[in-house]
Amino acid sequence: MLSASWMYEMDLSQLIRRDVYEWEIPMRGAMRVPGIIYASQDLIRAMDDKVLEQTANVAMLPGIVSASYAMPDAHWGYGFPIGGVAAFDAEEGGVVSAGGVGFDISCGVRCLHTGVDLDELKQKQVVLADGLYRGIPAGVGSTGKISLSDREMTEMLTGGAAWAIAQGYGRAEDLARIEENGRMQGADPKAVSAHARRRQRDEMGTLGSGNHYLEVQIVSEIFDKKIANVFAIAEGDVVVSIHCGSRGLGHQIGTEYLKEMAQSAAGLGIALPDRELACAPIHSPLAQRYLGAMRSAINCALANRQVITHLTRQVFSEVFGRELQLPLLYDVSHNTCKVEEHLVGGTKMNLHVHRKGATRAFGLDHPDLPQELKAAGQPVLIGGSMGTASYVLAGTGMEIAFGSACHGAGRAMSRHAAKKRWQGRKLVDQLAGRGILIRSPSMRGVAEEAPGAYKDVSSVVDAAQEAGLARVVAKLLPLVCVKG
DNA sequence: ATGTTC
């Protein structure tokens, strides 16, 4: 079959099919471990062949353990593919890479139960869409009502969502449903530049732009009733999903440390297959400073989603004329580097696991999960593209790709190509005709985010399940979308 | 992703 010229296309001849949903990039050249891509044949065909190249490049980095992995939604990123997972062993010269985390540090998804039923929602849908759009700043450079002093900034960078709650944005019980209990340990605000702090000063509680959004969604289908019960979701439930990250602060940290790692790599004798893979040995002062700054950015993202949660609760309570609690289902990040214990060839190891556009997906009984979720596994929140479905999955275990799963639909077309092909206003009107209300300050941004510019999220989560990365629990369909 | 180009 001939493909249209705008579509990505992967050359499959370089891959060995290990299983129906598992493709190996065999070791060659400077690769220290193989590459593994989890995908269906259709998904892998539609992948940019840069994914193969980048997954192989990551496999050349010092101290990498087991394999360089790519998730079913992988696409071309800066250095590492987006949808990439790679773990490094400090004792084997392992590295930390700013490009392995990405610019939007700790970008993630948080899902809230609303307790509102569909009939009630439909009656207030327009008012709710307008209220959320007014209440939650969205778009490039968006600022909110909160302005942090330098001291407050430091407290936020070490306190995360726990800081936000102490400031009155939310409730203490929210913390148990956030990765790291809402507060990432090991943050070092001194490793965050004055410039990064300045950029963030007025950006708390804002969505940002690109693929970030706040959506009101309906649970349209349950695939695993037992796990859905543990997650307390049922068909017909209305939920809210918030997708955003660490805004200007994370971006600035990423920019500065990428530059510094690139400059120092040569001096440290690390040969890079691609200068975008700039990294530093885990034991080096530079890597430790980056980790301190990156963990501060994780706290920033957790605090940001916490403030947005508070604003969302205010809008819902106002619109529906009663106090609505909107408790958390879960909050999970998909751009991080975390030190985690993993079993490798029967040996327990502490590894620096980079997940870039990949979600943590810890399985049953993992000690980091709250007690009430241990029987189900960690909720894995998969954001779809604008106007399409999202999914709730559950982690299945730690064995495959270090307990990771996909994070979203993944682009199938560049932003540039999407802008040429679609008009934002027309998309908004078409979606409104289907009962999906879009609110956005940027029609250009809406065109870039056209549903047709993304892979089919259903086939992505299907591949994730078939590959054993996670289990599909529920499908969510959008009703309102505030888009950056 | 991003005060969308240091």
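Here we summarise the structure given alongside this text. Just so it is clear, the structure is predicted and the values come from calculations on it, not from any experiment.

Before going further, it helps to examine the overall build of chain A. The helix and strand inventory of chain A stands at 13 helices and 19 strands. The C-alpha radius of gyration of chain A comes to 21 Å, within 12% of the 23 Å expected for a compact globule of 484 residues. Each principal axis of the C-alpha atoms in chain A carries an extent, and together these give about 65 × 60 × 45 Å. A buried classification covers 62% of the 484 residues belonging to chain A. In chain A, of all internal contacts separated by at least 6 residues, the share reaching a separation of at least 24 is 77%. Counting 50 positive and 52 negative side-chain charges, chain A places the averaged centre of each group 5 Å from the other.

Time to look at the packing of helix H4 (residues 125–135) against helix H9 (residues 285–320). At a closest axis distance of 10 Å, the pairing of H4 and H9 adopts a crossing angle of 145 degrees. H9 is crossed by H4, and the crossing has right-handed handedness. Between H4, through Val-127, Leu-128, Gly-131, Leu-132 and Gly-135, and H9, the contact on the second element is made entirely by Leu-311, Thr-312, Val-315, Phe-316, Val-319 and Phe-320. Taken together, the residues of the contact of H4 with H9 sort by class into eight nonpolar, three polar and no charged.

A few words on the protein's contact with DNA strand B. In the vicinity of DNA strand B, 16 residues are found, and the nearest of them are His-195, Arg-199, Ser-209, Asn-211 and Arg-247. The sugar-phosphate portion of DNA strand B accounts for 51% of its atoms within 4 Å of the protein, the bases making up the rest. Contacts to DNA strand B include Ser-209, whose backbone N or O atom sits 2.6 Å from a phosphate oxygen. For the surface near DNA strand B, the secondary-structure elements that each account for two or more residues are helix H6 (194–200) and helix H8 (247–267). By residue class, the composition of the surface near DNA strand B is two nonpolar, eight polar and six charged.

Left-over empty space is what a probe sized like a water molecule reveals as it rolls over the atoms. Overall, the coordinates contain one cavity of 30 Å³ or more when judged by the stated rule. By volume, the largest cavity is sized at about 50 Å³. Lining the largest cavity, in full, are Val-109, Cys-111, Tyr-213, Gln-217, Ser-241, Leu-381, Ile-382, Gly-383, Ser-390, Tyr-391, Val-392 and Leu-476. Secondary structure elements with two or more residues in the lining of the largest cavity: strand E7 (108–113), strand E8 (213–222), strand E15 (379–382) and strand E16 (390–395). Of the residues assigned to the lining of the largest cavity, the class counts are eight nonpolar, four polar and no charged.

With that out of the way, let us pick up the layout of surface pockets. Volume-wise, the second largest pocket comes out at about 470 Å³. Around the second largest pocket sit 23 residues that line it, and Glu-340, Glu-341, His-342, Leu-343 and Met-398 are the ones nearest its centre. The greatest single-element share of the lining of the second largest pocket, amounting to eight residues, is contributed by strand E12 (residues 335–344). Its residues assigned to classes, the lining of the second largest pocket comprises 10 nonpolar, four polar and nine charged.

What follows covers the nonpolar core. Ile-37, Leu-132, Ile-253, Tyr-290 and Phe-316 are the most contacted members of the largest nonpolar core, which totals 140 residues. Val-239, Leu-369, Ala-376 and Val-473 belong to the second largest nonpolar core, which has 20 residues in total.

Definitions and cut-offs
Residues numbered from 1 in each chain as written. Chains lettered and ligands numbered in written order. Predicted model: local features only at pLDDT ≥ 70, side-chain atom pairs only at ≥ 80, totals over all residues. Heavy atoms only, no water. Helix = DSSP H or I, 4+ residues; strand = E, 2+ residues; numbered from the N terminus. Rg over C-alpha atoms; globule rule 2.2 N^0.38 Å. Buried < 20%, exposed > 50% of the residue type's maximum accessible area, 1.4 Å probe, protein only. Contact = heavy atoms within 4.5 Å. Lys, Arg positive; Asp, Glu negative; His and termini not counted. Charge placed at Lys NZ, Arg CZ, Asp CG, Glu CD. Axes fitted to C-alpha atoms, helices over the stretch in contact; angles between N-to-C directions. Left-handed = near helix turned anticlockwise from the far one by under 90°. Nonpolar A, V, L, I, M, F, W, Y, C, P; charged D, E, K, R; others polar. Near = heavy atom within 4 Å. Polar contact = N/O pair within 3.5 Å; in protein donor to acceptor, adjacent residues only side chain to side chain. 1 Å grid on protein atoms, 1.4 Å probe; cavity = no way out; pocket = protein on both sides within 12 Å on 5 of 7 lines; lining within 4 Å. Points joined across faces, edges and corners; volume = space filled by probe spheres on them. Core = buried A, V, L, I, M, F, W, Y, C linked by side-chain atoms within 4.5 Å.

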